[in-house]
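# Analysis of the macromolecular model
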Amino acid sequence: MPAPATSPAQAPANSRSRVLVASLIGTTIEFYDFYIYATAAVLVFPSLFFPNSDPTTALLSSFAVFGAAMVARPIGAVVFGHLGDRLGRKGTLVASLLTMGIATFLIGVLPTYEQAGWIATALLVLMRLAQGFALGGEWSGAALVATENAPKNKRALYGTFPQLGAPLGFIIGNGLFLIIGALLPSSAGADPSQPSEAFLTWGWRIPFLFSAVMVVIGLWVRMRLVEAPVFSKTREAGLVRKLPLATVFRSHWKQLVLGTFFMLATYVLFYLMTTFSLSYGRTAKDAAVPGLGYSYTTFVLMMIFGVLFFAAFTLISGPLADKYGRRSTLIWVTAAILVFGLVWVPLIGMGTLGVVLWLVLGFTLMGMTFGPMGALLPELFPTSVRYTGSGISYNVSSILGAAVAPFIAVALWEAADGSPWLVGVYLSSMALLTLVSLLIGKETKDIDLDEGEAPAGVGQKSQDEAAATVAP
């Protein structure tokens, strides 16, 4: 009798704790790196790298560099996806983490525009592109580590752990900026919403340099992983594709399109609540384009309070998606996001209590929509192209949503003379597109990842992989 395709010696199982920690810590570090850039893009980069522009133009320029990373993410998804589907998940995840860590550390030692002129701005753009390239390969790999090692009836729960990296990275990154800001406060008589001279000179660099410590920890955890049996079986059965990208576009293009639109509302909400809100919240009420007028410290503390709900409801969404299905859960959540976008002005008009409620509701919905994506997108694709397919869907959506969301939001905020009502309408419009895609799509919770095929009716079946049984 021939030996089994996968023996314990060939593909030892990862322990549950190792899987969850490895999928969580990497995305926490990646999102930490991403968030500290987003915070610096609002707080210091407009004056340090775009000093010759008026405040609004400088902010938009800083956001444009922020969005440039989103353009690099699909490229990273293709490159790292190819490597992950061809060679394995472990080595690819290590490479993505190293790339992000090196780029983030180098941002911390960049010269400013005053010191190096346009070269400083060009180097910032280059490092930002490297960050986006790395994050393009990080998320899908972490999601695959979680879901391909999970029990079938707990894939959505396991899939929430890489998603938890987003709120945890936000809290660590912004918490560190708050501590540095408290230690380096604005001088007496200065605008408390603006950074101090010491902060602008060297304080902002500390979070970027600190990322090196976190990357070393993440690498230590990930180096201890072994490949999941699901991928090992695919490799040993000779089903590894020479060109996963070609296979995805030829046989699974419908999943790519649907997966991209599944994520659209999530991305728009994500960056409106974390990036645009920081600009809007700390802009003075008597500015040319008025904001809420909170100090940086006050508003970030309010945001961190909201992000606690983001983390909690990310975890809560997993069991719900395992019980009721990914599609059903997300349909209700996306409908709620649509309504949420229409009530921004009434909520914010209630004063500080309303602003806190606005942040809590936004981040709660963020957790509920982001959590199930860790299982849903990987389940759309067979094992041989899962890294590539889920990564492209996730990251192309970043262009349609995250890359332009802060930029569009600032323009709409300015067009409405400081009111956020058009920004809320923009969010509702994107939620409507996601809702339509979810209504078109099929449920995936009963997919067998060992068989590795997409749900019937969503895309063409691979000729050499078994069909999966899908819930109606």
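Let us look at the structure shown here. Remember, it's a predicted structure, so these values are computed and weren't measured experimentally.

As a further point, take the overall build of the protein. A tally of helices and strands in the protein yields 21 helices and zero strands. Considering only residue pairs separated by 6 or more positions, the protein has 82% of its internal contacts joining residues 24 or more positions apart. If you sum the accessible surface of the protein, you get close to 17400 Å²; carbon and sulfur atoms cover 70% of it.

With that settled, consider unusual backbone geometry. Phi is positive for Asp-417, which is not a glycine, with a value near 55 degrees. Among the secondary structure elements, Asp-417 is positioned in the loop between helix H20 (405–415) and helix H21 (421–440). A residue is classified by how much of its surface remains accessible, and Asp-417, at 64% relative accessible area, is exposed.

Counting 134 residues, the largest nonpolar core has Phe-45, Trp-204, Phe-299 and Trp-358 as the members making the most contacts within it. The element contributing the most residues to this core is helix H1 (residues 16–43), with 16 residues. Non-local contacts of Trp-358, meaning those with residues more than four positions away in its chain, are made with Met-273, Ser-277, Tyr-280, Phe-299, Phe-340, Trp-344, Leu-347 and Ile-348.

Between its first and last C-alpha, helix H4 (residues 89–107) extends 28 Å over 19 residues, near the 27 Å set by a 1.5 Å rise per residue. For H4, the set of buried residues is Arg-89, Thr-92, Leu-93, Val-94, Ser-96, Leu-97, Met-100, Gly-101, Ala-103, Thr-104 and Ile-107.

On to the packing of aromatic side chains. A complete count under the given rule lists 31 aromatic pairs for this structure. Ring geometry for Tyr-267 against Tyr-271: centres 6.2 Å apart, planes inclined by 20 degrees, an arrangement best described as stacked. Taken together, the positions of Tyr-267 and Tyr-271, both in helix H13 (residues 264–282) and four residues apart, correspond to about one turn of that helix. A residue is classified by how much of its surface remains accessible, and Tyr-267, at 2% relative accessible area, is buried. With relative accessibility at 3%, the residue Tyr-271 sits in the buried group.

Let us look at the pattern of salt bridges. Taken as a whole and assessed by the stated rule, the structure comprises eight salt bridges. For Glu-138, the salt bridge goes to Arg-222, with nearest N and O atoms at 2.5 Å. Placement of Glu-138 in helix H6 (residues 118–148) and of Arg-222 in helix H9 (residues 205–222) is noted, with a sequence separation of 84 residues between them.

Once that is clear, we can look at the side chain of Thr-27. Relative to the helices and strands, Thr-27 resides in helix H1. For Thr-27, a relative accessible area of 0% corresponds to the buried category. Polar side-chain contacts of Thr-27 include one of 3.1 Å to the backbone oxygen of Leu-24. One polar contact links the side chain of Thr-27 to the main-chain carbonyl oxygen of Pro-162, over a distance of 2.8 Å.

Here the focus is the packing of helix H15 (residues 326–342) against H21. The interhelical angle for the contact between H15 and H21, taken along N-to-C directions, is 160 degrees, at an axis separation of 7 Å. As summarised for this structure, H15 and H21 are arranged roughly antiparallel, according to the angle between their axes. The handedness of the crossing between H15 and H21 is left-handed. Seen from H15, the contacting residues are Arg-327, Leu-330, Ile-331, Thr-334, Ala-335, Ile-337, Leu-338, Phe-340, Gly-341 and Leu-342; seen from H21, they are Gly-424, Val-425, Leu-427, Ser-428, Ala-431, Leu-432, Thr-434, Leu-435, Leu-438 and Leu-439. Within the contact of H15 with H21, the residues separate by chemical class into 14 nonpolar, five polar and one charged.

Here H1 contains 28 residues, and its C-alpha end-to-end distance of 40 Å stays within 8% of the 40 Å for a straight helix at 1.5 Å per residue. A large share of H1 lies buried, amounting to 24 of its 28 residues.

The rules behind each value
Residues numbered from 1 in each chain as written. Predicted model: local features only at pLDDT ≥ 70, side-chain atom pairs only at ≥ 80, totals over all residues. Heavy atoms only, no water. Helix = DSSP H or I, 4+ residues; strand = E, 2+ residues; numbered from the N terminus. Contact = heavy atoms within 4.5 Å. Areas by Shrake-Rupley, 256 points an atom, 1.4 Å probe, with all protein chains shown as cover. Buried < 20%, exposed > 50% of the residue type's maximum accessible area, 1.4 Å probe, protein only. Core = buried A, V, L, I, M, F, W, Y, C linked by side-chain atoms within 4.5 Å. Expected span 1.5 Å × (residues − 1). Phe/Tyr/Trp six-rings, centres within 6.5 Å; stacked < 30°, edge-to-face > 60°. Salt bridge = Lys/Arg side-chain N within 4 Å of Asp/Glu carboxyl O. Polar contact = N/O pair within 3.5 Å; in protein donor to acceptor, adjacent residues only side chain to side chain. Axes fitted to C-alpha atoms, helices over the stretch in contact; angles between N-to-C directions. Parallel < 35°, antiparallel > 145°, perpendicular 65-115°, else oblique. Left-handed = near helix turned anticlockwise from the far one by under 90°. Nonpolar A, V, L, I, M, F, W, Y, C, P; charged D, E, K, R; others polar.

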